[in-house]
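Listed below are the residues making up each chain.
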Amino acid sequence: MPTYILLMGGPGAGKGTQAEALVQRYGLPQVASGDLFRDNLKRETELGQLAKGFMDRGELVPDDIVVAVVEERFANPREVESGFVLDGFPRTETQAEALFKILGPNRLDLVIDLEVPRDVVVERLLARNREDDNEESINRRLELYESETKPLVDFYRERGLLATVDGYGDEQEVHRRMLAAIGERLDPSPVERS
Ligand code: AMP
């Protein structure tokens, strides 16, 4: 029985870092939509070029492009069957509905919302030195997170899938909180399932 965990949280909440820690712990594949775009950019694909402008400005890449990239990632049914830790997708309700379609009904086990105060997030993002981490793009990403992505927290809460984890603190500490949330909610645990 594979495990399907989705990691949510605003920009700079630590999703990538925490997803990696979970992946190592549980041996699940990590799928991050931002990484899929950065990979397309590196390979200089048309899709990468298309996404770049949006990414540089801190805008959301349009839903149809995002969904196409994620669908491509899961084109082989075996990629779905292995379970995953998904991060950075979905970011809009349209994407959330697309994900339900890609996975089939009732597949998601748990959605973890990593909560971090806004001033901490801005500090973290500015320290990270990624190409799209300038003050303007950060502000735009925070704005879009509030208006487009945060409503998904309720979307998943209503479906009984949500666990909120305090993302403020050092990596190990947050990781322990994530494991506690997973232990509380998933029976059998991801390790026992695999
Ligand atoms: P991330 O690595 O998750 O911070 O994503 C980097 C950038 O890629 C974001 O600022 C968006 O421009 C774009 N992006 C990644 N995932 C999505 C998504 N699910 N929907 C729209 N845009 C996305």
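The rules behind each value
- Residues numbered from 1 in each chain as written.
- Predicted model: local features only at pLDDT ≥ 70, side-chain atom pairs only at ≥ 80, totals over all residues.
- Heavy atoms only, no water.
- Salt bridge = Lys/Arg side-chain N within 4 Å of Asp/Glu carboxyl O.
- Helix = DSSP H or I, 4+ residues; strand = E, 2+ residues; numbered from the N terminus.
- Buried < 20%, exposed > 50% of the residue type's maximum accessible area, 1.4 Å probe, protein only.
- 1 Å grid on protein atoms, 1.4 Å probe; cavity = no way out; pocket = protein on both sides within 12 Å on 5 of 7 lines; lining within 4 Å.
- Points joined across faces, edges and corners; volume = space filled by probe spheres on them.
- Nonpolar A, V, L, I, M, F, W, Y, C, P; charged D, E, K, R; others polar.

Attention shifts here to the pattern of salt bridges. Per the stated rule, a full pass over the model turns up 16 salt bridges. Linking aspartate 35 and arginine 38 is a salt bridge whose minimum nitrogen-to-oxygen distance equals 2.9 Å. Here aspartate 35 and its partner arginine 38 are both found in helix α2 (residues 33-42), 3 residues apart, which amounts to about one turn of the helix. Aspartate 166 is paired through a salt bridge with arginine 177; the nearest N and O atoms lie 3.8 Å apart. Here aspartate 166 is found in strand β5 (residues 162-166), whereas its partner arginine 177 is found in helix α10 (residues 171-185), with 11 residues between them in sequence. Aspartate 166 sits in the partly exposed class, given a relative accessible area of 40%. A residue is classified by how much of its surface remains accessible, and arginine 177, at 24% relative accessible area, is partly exposed. Several salt bridges converge on common partners, so that one network encompasses Lys52, Asp56 and Glu131.

So, on to the layout of surface pockets. Estimates place the volume of the largest pocket at around 960 Å³. Lining the largest pocket we find 48 residues, and of these Gly12, Lys15, Arg91, Arg128 and Arg130 sit closest to its centre. Of all the elements in the fold, those that place two or more residues in the lining of the largest pocket are β1 (4-8), α1 (15-26), β2 (30-32), α2, α3 (46-57), α7 (118-128), α8 (135-149) and α10. Along the lines of polarity and charge, the residues of the lining of the largest pocket split into 18 nonpolar, 16 polar and 14 charged. Space inside the second largest pocket adds up to approximately 240 Å³. Taken together, 14 residues make up the lining of the second largest pocket; nearest its centre are Gly10, Val116, Tyr145, Glu146 and Lys150. Residue assignment for the lining of the second largest pocket shows that the elements contributing at least two residues are β4 (110-115), α7 and α8. Residue composition of the lining of the second largest pocket, grouped by class: 8 nonpolar, 1 polar and 5 charged.

These values are about where atoms sit, not about what they do.
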